[in-house]
Amino acid sequence: LAIAVVLVVLLGYFVIWPFLLSHFFTARFYQGDERLPTWSGRVIVFYDEAKEKPMYKGTLEDGLLQGKGEEYDEDGLVTYEGSFVDGQRSGDGTLYEGGALSYIGQFAAGLPNGTGTAYQEGTKCYQGEFVDGLYEGEGTEYRADGQVSYKGTFAEGLYEGSGTVYLEDGDQIKAEFSAGETTGAIQWFQEGKLWYDGGADNLTPDGFGTVYAASGKAVYAGEFDQGTLDGEWLLGLSAEDLRTAFGEASLTESDSTGGFLIVNEDMGLTALCSY
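This text gives an overview of the structure that appears in the document. Numbering of residues starts from 1 in every chain and runs along the sequence as written. Confidence filtering applies because this is a predicted model: local features only for residues at pLDDT of at least 70, side-chain atom pairs given and counted only at 80 or more, and all residues used for totals across whole chains, interfaces and linings. To obtain the side-chain values, all non-hydrogen atoms of the structure were included, while hydrogens and water were left out.

Things to note about unusual backbone geometry
Here's step 1: Here the phi dihedral of Glu121 falls at roughly 50°; this positive angle occurs in a residue that is not glycine.
Here's step 2: Secondary structure elements follow DSSP: runs of H or I of four or more residues count as helices, runs of E of two or more count as strands, with numbering from the N terminus. Mapped onto the fold, Glu121 is located in the loop between strand S8 (111-120) and strand S9 (123-131).
Here's step 3: On the accessibility criterion, Glu121 (78% relative accessible area) is exposed.
Here's step 4: The backbone of Asn202 shows a phi angle near 55°, a positive value even though the residue is not glycine.
Here's step 5: Among the structural elements, Asn202 can be located in the loop between strand S15 (193-201) and strand S16 (204-212).
Here's step 6: For the exposure calls, accessible area comes from a 1.4 Å probe over protein chains only, and a residue counts as buried if that area is under 20% of its type's maximum, exposed if over 50%, partly exposed in between. Relative accessible area serves as the criterion here: at 28%, Asn202 is assigned to the partly exposed category.

Quick look at the pairing of strand S21 (residues 269-273)
On a regular strand, each side chain points to the face opposite its neighbour's, so the side chains alternate between the two faces of the sheet.
Here's step 1: Strands qualify as paired when DSSP identifies two bridges or more between them. As defined by bridge partners, strand S20 (residues 259-264) adjoins S21 across five bridges and the pair is classed as antiparallel. From the neighbouring strand, Leu261 faces S21, where its bridge partner is Leu272.

A look at the sheet that holds S21
Pairing between the strands of a sheet comes from backbone hydrogen bonds, and it takes one of two forms, parallel or antiparallel.
Here's step 1: Spatial strand order, S19-S20-S21: three strands in an open sheet with antiparallel pairing. Both outer strands of the open sheet, strand S19 (251-256) and S21, are each paired with one neighbouring strand and no more. With strand direction ignored, the average angle separating the axes of adjacent strands in the sheet is 20°.
Here's step 2: Sheet analysis places S19 next to S20, joined by six bridges and oriented antiparallel. If you follow Thr252 over to S20, its bridge partner there is Val263. Only the stretch in contact is used when a helix axis is fitted, and all axes are lines through C-alpha atoms; the angle between N-to-C directions ranges over 0 to 180 degrees.

A short note on the side chain of Glu71
Here's step 1: Relative to the elements of secondary structure, Glu71 occurs in strand S4 (residues 64-72).
Here's step 2: At 2.6 Å, the side chain of Glu71 and the side chain of Arg89 are in polar contact.
Here's step 3: Contacts are residue-level and defined by heavy atoms, with any inter-residue pair within 4.5 Å sufficient. Sequence-distant contacts of Glu71, that is, excluding residues within four places in its chain, are made with Met55, Tyr56, Leu77, Val78, Thr79, Tyr80, Phe84 and Arg89. Side-chain atoms alone can form a polar contact between residues adjacent in sequence; in general such a contact is a pair of N or O atoms within 3.5 Å, and within protein one must be able to donate a hydrogen while the other accepts it.

Focus on the pattern of salt bridges
Here's step 1: Salt bridges, as used here, are contacts in which a Lys or Arg side-chain nitrogen is within 4 Å of a carboxyl oxygen on Asp or Glu. If you walk through the whole model with that rule in mind, you get six salt bridges.
Here's step 2: The salt bridge involving Lys57 is made with Glu70; its shortest N-O contact spans 4.0 Å. Separated by 13 residues along the polypeptide, Lys57 in strand S3 (residues 54-61) and Glu70 in strand S4 bring together distant segments of the chain.
Here's step 3: For Lys57, a relative accessible area of 32% puts it in the partly exposed group.

Observations regarding the environment of Pro37
Here's step 1: Relative to the helices and strands, Pro37 resides in the loop between strand S1 (27-30) and strand S2 (41-46).
Here's step 2: Classification of Pro37 by relative accessible area gives exposed; the value is 55%.
Here's step 3: For the pair Pro37 and Asp62, spaced 25 residues apart in sequence, the C-alpha separation works out to 6.4 Å.
Here's step 4: Those residues in contact with Pro37, other than ones at most four positions away along the chain, are Asp62 and Gly63.

Some points on the side chain of Asn264
Here's step 1: Inspection of the secondary structure puts Asn264 in strand S20.
Here's step 2: One polar contact links the side chain of Asn264 to the main-chain carbonyl oxygen of Val219, over a distance of 3.0 Å.
Here's step 3: For Asn264, the side chain forms a polar contact with the main-chain nitrogen of Asp266, separated by 3.2 Å.
Here's step 4: Excluding residues that lie within four positions of it along the chain, Asn264 makes contacts with Val219, Phe246, Ala249, Ser250, Leu251 and Leu269.

Here it is, written out as structure tokens:
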């Protein structure tokens with residue numbers, strides 16, 4: 001009888017109770033528990049042996065998280081909630097940093113992959129496609145105030161291909177990008193109308209370009225130097241070349257001491273020419 005009692009107790013402790021625990025209850029483990037690598041069932045795993053600081057919770061299959069689950073940092077804040085496949089974040093999920101939302105969308109192999117939205121300190125900063133945690137393909141980038149700062153294509157987290165930069169003053173710059181910088185040509189729009197079309201040093205007019213008035217007339221076609229008209233280039237022009245550079249601009253000419261003045265009224269530019 002005593003032996004039978006002992007056998008029943010052992011059976012209940014080592015067989016029946018683990019079965020009930022894994023199938024009908026939530027087991028609580030310290031992260032160093034030797035049973036974890038082979039455990040199947042609902043669990044809460046803790047950082048500490050006192051089981052006060054949760055590390056993750058969900059459902060294990062042979063020691064690996066499967067399906068819905070949550071992960072925590074050592075301060076008890078959620079760092080991830082969503083789906084797992086073979087112990088890795090996979091499927092739909094949400095990331096947090098310091099308790100603030102940092103990403104919501106799709107995952108694969110533990111990283112953001114697919115469609116998602118990234119956040120900085122809880123404010124949306126990017127929406128689009130991700131590959132291995134980096135911006136990839138079509139996407140939209142946002143400033144801290146929620147306004148769009150860039151819309152176009154990305155590769156490995158950088159601007160790549162066709163895109164539009166939205167400046168804080170409302171201007172827009174369309175360009176082709178490579179590794180985050182323009183390929184040397186931009187189209188700059190002010191109030192929705194083309195203002196500059198030409199060479200650039202990243203987003204700064206530089207090299208040969210054309211300036212347009214609000215009416216659409218080309219009022220200057222010539223060299224720029226880091227965002228301003230290239231004075232040295234202008235000084236080397238003849239009066240006729242200068243008139244050509246001013247294109248369709250409204251010009252007035254008048255005599256002046258030592259020469260004559262050509263005024264580009266659309267640009268507010270006056271040139272003193274010698275005979």
